[in-house]
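Each chain, written out:
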Amino acid sequence: MRGSAVRLSFGWRQRLAVFLMAALPACVNDLQSEGPSSAPADNAVFGRAMTPGTSGAGNYLAGRFAQNQSDLGVASDYLARALQYDPENTELLQRTYLSLAANGRLEEAGAVAKRLLTYDGEAAIAALLVAEQQAKAGNWGAVEDTVTHLPNRGLNTFMIPLMSSWAKAGQGRIDAALEALAPLAQNSNFATLHDFHAALINDLADRPKDAERYYRSTLAGSGGSTLRTTEAAIGFYRRIGQNDKAIELINRYRQEHPEGTMLNDKASGARTIDSARAGMAEALFDTAGSLRQGRASELALIFARMAVDLQPDFPLAQVMVADLLQGLGRLREANAVFEQISSSSSVYWSAQLRIAANDDDLDEVDAAIRTLERLADQHADRPEALVTLGDVLRRHKRWSEAVAAYDRALANLGPARREHWGIYYSRGIALERSKQWTRAESDFLRALELEPDEPHVLNYLGYSWIEQGVNIEAGRQMIEKAVAQLPKDGYIIDSLGWAFYRSGDFGKAVEVLEQAVELHPEDASINDHLGDALWKVGREDEARFQWQRALTFDPEPELKQQIESKLTVVPQGTAASPDKNATVP
């Protein structure tokens, strides 16, 4: 995923994900079709008033089609309309509440789920959704009753302790809450999760000794040292006046996550979880992360939606919702969620970069540029926005503007370090395309100084030398090194084939370029190169075929003109070749 991804996965989530995926078929009855029920009909419309379509079947089919297209809003509307025609159909009830929940319409989804429970009292996700709505209303006794009456199997063995413990905490019954949570400690898959929530409950109840014990156990547990747990513990230590321990955790996290930039080490000592409602949101968020690890993205979206519904200012859950929407191709909906993240959050910067990347993918380039320029103005000391701006401009072939953006980024970076090689490489591409070869060559060589033998840089520089007719042997050797590292990269293999062509070894060029075409049969330039090589070895009909084939792949105007010229004139000498670099991202 371009953009800065937020690392949300816990080590214990990976193990828990396996458990959940194995458990879902046994416990999630509301995802299985059970056919019509004999329950009494109720034609009430849940949530919003809607005008029915021409038939229940038509609305149902339209809803299913919209679901297949990941259009959550349209799917929800049509399925809710279909439900008016067949309110006793449990399969339709299931699909409708799940679709509504995935779309973020949780109040409506809860009403449908509550109705499903009158037909199937063991429908796990429906019950959890109802419990979430009860928690949102502050009805903790109802929450406890809803979840503790579920059968203790599958998903429920994990969710019942979490939900019931926070329901008891919401009633001020702290000892009972910890007792309800205790079964999780007996399972190695859940031990770290138990310790984290035990720390949060004790912290909320002003029991600092017990809270510290469980925070320490969490951070020492398998996969327990995460952004979320670390920030919670840092806040705890600052709140109780032990800032030295908070600094120790900050330093430890930065050592373990040197690439991480989202840790808010200047945060106050405010509690991460300041209410039972926030604690239950945390439990739902943790479940969403586990479901996501198990590749159950649609269910993960529902649980993440519930977490945000309980605690609207929950940046990591908001990022997860947006990321899952993005994975479904719903970029505008994802951006709407990213936009809701507070500017004071440690993930705000990352979210804004994701908004710009999504705008770029939506071909709203000017919006992406405005966002990145704003970020660059706000934080001149952080180069990510300017590097991303350069990448956006480069992808849209605005070469000179891209060079200017990279120039500004590199000016802010100070002395070059190894991890900067990619910026020099990217600027080199923009410089080469804007006809500034001297600077471009310098950047490619600088990138190789920082990251020796990097295959894409070797390929680009080697190919460029060969195209210019200079350093041909050195260029070919560079490309051969690149091929040795990436033997299945058709673009780099094309460069090697072209190196043989330019050195006059046309037979070898044909052999290598045929391999490149097999790997990327849809690339106009590679097909053109093969045509040129075939022409040189006397296989003229095959050469014409490759040139004609290249034209079917929508080549760029300059390449198209050159290919058409070859097909029209068919010279008896060397076929002209267009300028081309195979490895531009």
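Residues numbered from 1 in each chain as written. Predicted model: local features only at pLDDT ≥ 70, side-chain atom pairs only at ≥ 80, totals over all residues. Heavy atoms only, no water.

Participant: So what exactly am I meant to see when it comes to the overall build of the protein chain here?
Facilitator: For the protein chain, the helix and strand inventory stands at 30 helices and zero strands. Buried positions account for 54% of the 585 residues belonging to the protein chain. Long-range contacts, defined here as pairs at least 24 residues apart, represent 60% of the contacts in the protein chain between residues at least 6 apart. (Helix = DSSP H or I, 4+ residues; strand = E, 2+ residues; numbered from the N terminus. Buried < 20%, exposed > 50% of the residue type's maximum accessible area, 1.4 Å probe, protein only. Contact = heavy atoms within 4.5 Å.)

Participant: Please clarify how the confidence of the model for the protein chain should be interpreted in this entry.
Facilitator: Predicted coordinates in regions of low pLDDT should not be interpreted in detail. Of all residues in the protein chain, 87% attain a pLDDT of 70 or more, and the chain-wide mean is 85. Contacts of residues 1-53 to residues separated by more than four positions or lying in other chains number 143 contacts, the stretch itself having pLDDT below 50. Counting interchain partners and residues more than four positions distant, the pLDDT-below-50 stretch residues 571-585 has 47 contacts. (pLDDT = per-residue confidence, 0-100.)

Participant: Which parts of the structure should I look at to understand the packing of helix α25 (residues 472-485) against helix α26 (residues 490-502)?
Facilitator: Helix packing for two helices is described by the angle between their axes and how far apart those axes are. Packing of α25 against α26 leaves a shortest axis separation of 9 Å and a crossing angle of 150 degrees. In this view, α25 runs roughly antiparallel relative to α26, as classed from their interaxial angle. Handedness of the α25/α26 crossing: left-handed. On the side of α25, the interface is formed by Arg 476, Ile 479, Glu 480, Ala 482 and Val 483, while α26 contributes Ile 492, Ile 493, Ser 495, Leu 496, Ala 499 and Phe 500. When grouped by side-chain class, the residues that make up the contact of α25 with α26 number eight nonpolar, one polar and two charged. (Axes fitted to C-alpha atoms, helices over the stretch in contact; angles between N-to-C directions. Parallel < 35°, antiparallel > 145°, perpendicular 65-115°, else oblique. Left-handed = near helix turned anticlockwise from the far one by under 90°. Nonpolar A, V, L, I, M, F, W, Y, C, P; charged D, E, K, R; others polar.)

Participant: How do you make sense of the packing of aromatic side chains when you look at a structure like this?
Facilitator: Tallied over the entire structure, the rule returns twelve aromatic pairs. Aromatic pair Tyr 215 and Phe 236: ring centres 5.2 Å apart, planes at 40 degrees, arrangement tilted. Pair noted here: Tyr 215 is in helix α11 (residues 208-220) and Phe 236 is in helix α12 (residues 227-239), with a separation of 21 residues, a long-range link. On the basis of relative accessible area, Phe 236 is assigned to the buried category, the value being 1%. (Phe/Tyr/Trp six-rings, centres within 6.5 Å; stacked < 30°, edge-to-face > 60°.)

Participant: Would you explain helix α15 (residues 297-310) in this entry?
Facilitator: Because each turn of an α-helix spans 3.6 residues, side chains separated by three or four positions in sequence point in the same direction. Between the first and last C-alpha of α15 there are 20 Å, a value that for 14 residues agrees with the 20 Å anticipated at 1.5 Å per step. Taking burial as the measure, the 14 residues of α15 include twelve buried ones, the bulk of the element. All of the buried residues in α15 are Leu 299, Ala 300, Leu 301, Ile 302, Phe 303, Ala 304, Arg 305, Met 306, Ala 307, Val 308, Asp 309 and Leu 310. (Expected span 1.5 Å × (residues − 1).)

Participant: Would you take a moment to explain unusual backbone geometry for this structure?
Facilitator: For residues that are not glycine, phi is negative in most cases, and the peptide bond is trans in most cases. We note that Asn 471 has phi near 50 degrees; this positive angle belongs to a residue other than glycine. Inspection of the secondary structure assignment puts Asn 471 in the loop between α24 (455-468) and α25. The class of Asn 471 is partly exposed, set by a relative accessible area of 42%. The backbone phi angle of Asp 554 is positive, close to 50 degrees, even though this residue is not glycine.

Participant: Please explain the pattern of salt bridges as it appears in this structure.
Facilitator: A side chain of one charge can pair with a side chain of the opposite charge if their charged atoms are brought near each other. Applying the stated criterion across every chain, the model contains 44 salt bridges. The salt bridge involving Arg 395 is made with Asp 360; its shortest N-O contact spans 3.4 Å. Residue Arg 395 is located in helix α20 (residues 384-395), and its partner Asp 360 is located in helix α18 (residues 348-361); the two are separated by 35 residues in the primary sequence. A relative accessible area of 5% places Asp 360 in the buried class. When salt bridges with common partners are traced through the structure, they connect Asp 203, Asp 206, Arg 239 and Arg 271 into a single cluster. (Salt bridge = Lys/Arg side-chain N within 4 Å of Asp/Glu carboxyl O.)

Participant: Explanation requested: the environment of Val 347 in the structure shown.
Facilitator: Assignment of secondary structure puts Val 347 in the loop between α17 (331-339) and α18. The spatial distance from the C-alpha of Val 347 to the C-alpha of Leu 316 is 7.4 Å, given a sequence separation of 31 residues.

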